[in-house]
Amino acid sequence: MQDSQDYETASISHCDASEDKQLLSEHADKPARQLSWYRATWTLRNVLLSHLLTCLFVYLPVVYFAFQREASSQACDRKLSTWSPALDEGAVSYLPPAPFAGDILQTNKWRGEVGVTPSAEIDKAWTDIGVGVPGFRVSAEEVRVLGKPFRKGTRTLHAMPDGKGGYVAQLEVNHLLHCLNNLRQAMAWNYDHYFAGIPVRDVQIHHDALRASLQCTSDTTPVLYYDDAAIPQRQFSFPDFSTKHTCRDFDKLMGWTWSTERMVLWEDVGNSTFHQPELSREAREKEAQGDGPHGHLGHGR
């Protein structure tokens, strides 16, 4: 009986010792597990904190100054430019500063070889940036913002004939490019191809429109001159027209003219309200003879 009791006591002691050992082992592992968890958590916190600080001190200033630059550009546009729906509708933005492609001897999509009759592709390229660009509708209030009269002498502002109200307008850049295209066509080697029978004074209107615009903007970028060792027979230096400019994004602006809800196609603009067809032939005959009043066909119709 004593032996049985001793056995039970020994068993209980052994069991208690095993449990104590296991408990001690668990408690001994707990600080290690906690330390590992704290290390992982601290590492994650450090990573998140570093990303947050990077955003605060690197990315946010970049975004801020980019926004400020854009806001400054928009403020400058509104201060120096006449009101335009292109400004209101976000169609005006700027490309990074870059030099013009101004090589004297180059050819491009708008410019062929000197003395060679221009191709249909060149004509289309000019049409696409000039008379081929649609106009747009402006309201009576916007006409007042522009400071333009609805009547001026014998002239009355052209109203859209579709019953939707408003008046027709176009971006001046497209009109000036149309003027430049007109001068291109009037060059000596192009004149017979485009203008046979048309008075030369028609071209002079476009000369003056371009003169006025160039004087208005008065580009102050320095144009440097180079001496070319490959052409020793040339007496004078070559101007370098590849000058650096910060240009408006022309493609974006042209995209706006086609996508704005204001867009109107020229075939929908209609004729002058004072048009008398029976007088048109007589006027054209007088123009061909260099006599009679002359009027500029604004958008090339």
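Residues numbered from 1 in each chain as written. Predicted model: local features only at pLDDT ≥ 70, side-chain atom pairs only at ≥ 80, totals over all residues. Heavy atoms only, no water.

Novice: Would you mind showing me how to read the confidence of the model for the chain here?
Specialist: Low pLDDT means the predicted atomic positions in that stretch should not be read closely. For the chain, the average pLDDT comes to 78, and 67% of its residues sit at 70 or higher. Mean pLDDT in the chain bottoms out at helix α1 (residues 2-80), which sits at 58, and peaks at helix α8 (residues 250-259), which reaches 97. In the model, residues 1-15 has pLDDT below 50 throughout and makes zero contacts with residues more than four positions away in sequence or in other chains. Every residue in residues 291-301 scores below 50 in pLDDT, and together they form 27 contacts with partners more than four places removed in sequence or on other chains. (pLDDT = per-residue confidence, 0-100. Helix = DSSP H or I, 4+ residues; strand = E, 2+ residues; numbered from the N terminus. Contact = heavy atoms within 4.5 Å.)

Novice: What am I meant to see in the packing of aromatic side chains here?
Specialist: Two descriptors summarise a pair of aromatic rings, namely the distance from one centre to the other and the angle between the planes of the rings. Enumeration over the complete set of coordinates arrives at two aromatic pairs. Judged by centre distance (5.5 Å) and plane angle (65°), the rings of F136 and W256 are edge-to-face. Here F136, found in strand β2 (residues 135-138), pairs with W256, found in helix α8; they are 120 residues apart in sequence, far enough to count as distant. Since its relative accessible area comes to 5%, F136 is described here as buried. A relative accessible area of 6% means that W256 is categorised as buried. When the ring centre of F238 is taken as origin, the NZ or CZ atom of R234, which lies over that ring, is 3.9 Å away. (Phe/Tyr/Trp six-rings, centres within 6.5 Å; stacked < 30°, edge-to-face > 60°. Buried < 20%, exposed > 50% of the residue type's maximum accessible area, 1.4 Å probe, protein only. Lys NZ or Arg CZ within 6 Å of the ring centre and 35° of its normal.)

Novice: Quick question: what am I supposed to make of the environment of M263 here?
Specialist: Relative to the helices and strands, M263 resides in strand β9 (residues 263-264). Its relative accessible area of 28% is what places M263 among the partly exposed residues. Taking C-alpha positions, M263 is 5.9 Å from G135, a pair spaced 128 residues apart along the chain.

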